[in-house]
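# Residue-level structure breakdown
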Amino acid sequence: MKIAVVGTGYVGLVTGTCLAETGNQVTCVDINEQKVKMMQEGKVPIYEPGLELLFHRNISQKRLLFTSVLADAIADAEIIFLALPTPPGGDGSADLSYVLGAAKDIAKLVTDYKVIVTKSTVPVGTADKVKAVMKENTSIECAVVSNPEFLREGVAVDDFMKPDRVVVGTTDERARKLMGELYAPYVRQGNPVIFMDERSSELTKYAANSFLATKISFMNEIANLCELVGADVDMVRRGIGSDNRIGNRFLFSGIGYGGSCFPKDVQALAKSSEENQYDFQILNSVMKVNEIQKKVLVQKLKKYYKDTLAGKHFAMWGLAFKPETDDIREAPALYIIDELLAAGATVTVYDPEGMNNVKALLGDKIKYAADQYEALSGADALLIVTEWSVFRTPDFERLVDLLPSKVIFDGRNLYDLQKMVDLGFYYNSIGRKI
Ligand code: UGA
C-alpha cells in the first residue's frame, strides 16, 4: 500500500518505519527541513531501541522516504496518517491546531479518495472536526478514521510490530477494509483489530492511558500506607497481581508517572469531562496523588535530614522519565532537582541517555558525571530516580567505597532489603521497611 505519514515526531517516525517494514511504500513529511535532511541522510532523530535497524533497512530498500513537501508525500498515498502534536492548551485541553491545519492543507491538495487517519491522541469529536474541515475545503469524498496508538517509549517498535490490539474507529466501509488489510500482517498471532465508531475509538485512547495512570496512583497510595502500617508494597503487589482480574503488570509504585502521555492525557480527559458537565472524580484524585508522589523522595530527605537540606550534596542516578529513553518530559527527576536546589542542596546526576536533554534545560545549575560511580563523589546520599538496568546490579563494594555515608533513597525499589541491611546501608525505598 502507499502511505503518507504527516509529522515525524516519535509516533510518526515509528509508525512510518514499521509500516514500511511490511512492504508498504511510505513517505514521511515534516515541515522541519533540517530534520528531513537529517533523516534523508540516514540519521534517526530520536533514541528508540530497535528503530535504527528498521529505519536503515527500509531507507536502503527505498520503501521509506522523507520530504518536506506535503503535496509530494500525499500525491499517490491511499492512506494518510496524521501524527502531529496535540499539546495541552492553557486550560489543559488538547490544542488541535496542528491536526486541523494539516487536514485543511491536505483537503486543498487531494484529487481522489483518501483515508485520513488521526494517529495523534485527540479528544472525542476530533474526527468529526477533521471531516468538517475536509468538507469545507474539497468536494472530493475522503474518509476520516481514528486509529490511536498505544506505543510505549523504549519498546515502541515491538509494540507496533506485535500489538496487543489495534483500534480502528470508522463508519466508512471502504476505509475499514483498507485499514484491516494494512494491519493484517501485524496481528497474525490472532490479536484483534477492533473496529468501532470514531468517538469510541478516540475515547478508548484516553480511557486506556487514564486507567493505567489510575493503577499507578492507586499503588503509590498503597505504598504510602504500607510505610505507615509496616507492610511491604512488593508483597502486596504480588499478592493482588496474581488475581487475573487485576493482572500483575503496571502495579509498580515509585515516584509518580511522567512522560509526554499520561500527565497530558489524564488532564485532557478530566478537562473534557468537565466540558461535558461530568465531574470525573477519580481522575482528579489520580492527578493529585501523582503531584504528591513526584515529591515523595524530597519529603523523605527532609525528614531524614531534619528539614536542613542546605549545603547537602546528592548523587542522582537517572533523569529520563523511564528507562530506555532519553525523554525527560514531565520526568520526576526534574521536580526533585528543582526542590533540592530550592532547598539549598547541590546535585550531581548521571543517566545513560537523558544527560544532553537535561544539560540543555538546566545547564550548570547541576553537575554531570561521566558514569554512575563518578556521580557519587562527595555525595551525602544517593538518590535513585530511574530504573535503568545498569543501576539494578551495581558493584556494591565500589558503592560502599565511594559513598561513605552509606545512605540511599531509592524511588524505584531496585534492591533487596536484606542485602542492603547486610551491606550496612541506610536504605529508604518506596512502600517498604527501612
Ligand atoms: C504510555 C502508555 O503505556 C502507552 O500505551 C501509550 O501509547 C503512550 O503512553 C502514549 O500515549 O503515547 P509511555 O508514556 O511511553 O507509554 O510510558 P509507560 O511505560 O507507560 O510509563 C509511563 C509512566 O508510568 C512512567 O513514568 C513510569 O515510570 C510510570 N510507571 C509505569 C509506574 O510508575 N509504575 C508502573 O508500574 C508502570
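From a predicted model like this one, the values you see are computed outputs, not experimental measurements.

Definitions and limits used
- Here, residues in each chain are numbered from 1, in the same order as that chain's written sequence.
- Two thresholds apply to this predicted model, a pLDDT of at least 70 for residue-level local features and 80 or more for giving and counting side-chain atom pairs, whereas whole-chain, interface and lining totals are computed over all residues.
- Think of it this way: any DSSP run of H or I at least four residues long counts as a helix, any run of E at least two long counts as a strand, and we number them from the N terminus.
- Residues are called buried when their C-beta atom has 20 or more other C-beta atoms within 10 Å, exposed when it has 12 or fewer, and partly exposed otherwise; all C-beta atoms are positioned from the backbone.
- Each residue is represented by a C-beta atom placed from its backbone, and any two residues with such atoms within 7 Å are regarded as in contact.
- Whether two strands pair depends on DSSP finding at least two bridges between them.
- Whether a residue is near a molecule or strand depends on its C-beta atom, generated from backbone atoms, being within 6 Å of that molecule or strand.
- Polar here means any residue outside two lists: the nonpolar Ala, Val, Leu, Ile, Met, Phe, Trp, Tyr, Cys and Pro, and the charged Asp, Glu, Lys and Arg; Gly therefore counts as polar.
- Domain limits in this description derive from either an automatic procedure or a database domain assignment.
- UniProt positions are given in the numbering used here, feature names are shortened, and annotations may be inferred rather than shown by experiment.

## What to know about the overall build of the protein chain
When helices and strands are tallied, the protein chain shows 18 helices and 14 strands. Counting every position in the protein chain, which comprises 434 residues, the buried fraction comes to 43%. In the protein chain, of all internal contacts separated by at least 6 residues, the share reaching a separation of at least 24 is 72%.

## A closer look at the sheet that holds strand S11 (residues 367-368)
Reading across the sheet, the 6 strands line up as S11-S10-S9-S12-S13-S14 and stay open at both edges, with parallel pairing between neighbours. A single partner strand is all that each edge strand has here, and the edge strands are S11 and strand S14 (426-428).

## Topic: the site of the ligand
Looking at the ligand, there are 20 residues lining it, with Glu153, Phe252, Tyr257, Gly259 and Cys261 nearest. Ranked by residues supplied to the shell around the ligand, first place goes to helix H9 (residues 198-229) with 3 residues. Among the residues making up the shell around the ligand, the classes are represented as 11 nonpolar, 5 polar and 4 charged. Looking at which domains feed residues into the shell around the ligand, each of domain 1 (2-196) and domain 2 (206-292) supplies at least three.

## Some details on the UniProt feature "active site" (unreviewed entry) in the protein chain
As recorded in UniProt, the sites labelled "active site" (unreviewed entry) are Cys261. Tracing the sequence through the fold places Cys261 in the loop between helix H10 (233-241) and helix H11 (262-275). Residue classification places Cys261 among the buried residues on the basis of 22 C-beta atoms within 10 Å.

## Quick look at the environment of Asp326
Mapped onto the elements, Asp326 comes out in the loop between strand S9 (313-317) and helix H14 (332-342). Once the C-alpha coordinates of Asp326 and Thr126 are considered, the two residues, 200 residues apart in sequence, prove to be 30 Å apart. For Asp326, the contacting residues outside a window of four places in its chain are Tyr47, Ala320, Glu353, Gly354 and Asn357.

## Regarding the domain arrangement of the protein chain
For the protein chain, the assigned domains are domain 1 (2-196), domain 2 (206-292) and domain 3 (294-428). Placing a centre on the C-alpha atoms of domain 2 and another on those of domain 3 gives a separation of 24 Å. Facing the 11 residues of domain 2 at the interface are 15 residues of domain 3. Ranked by the residues each element gives to the side of domain 2 that touches domain 3, the list is headed by helix H12 (residues 281-293), at 3 residues. Of the residues in the side of domain 2 that touches domain 3, the class split is 3 nonpolar, 6 polar and 2 charged.

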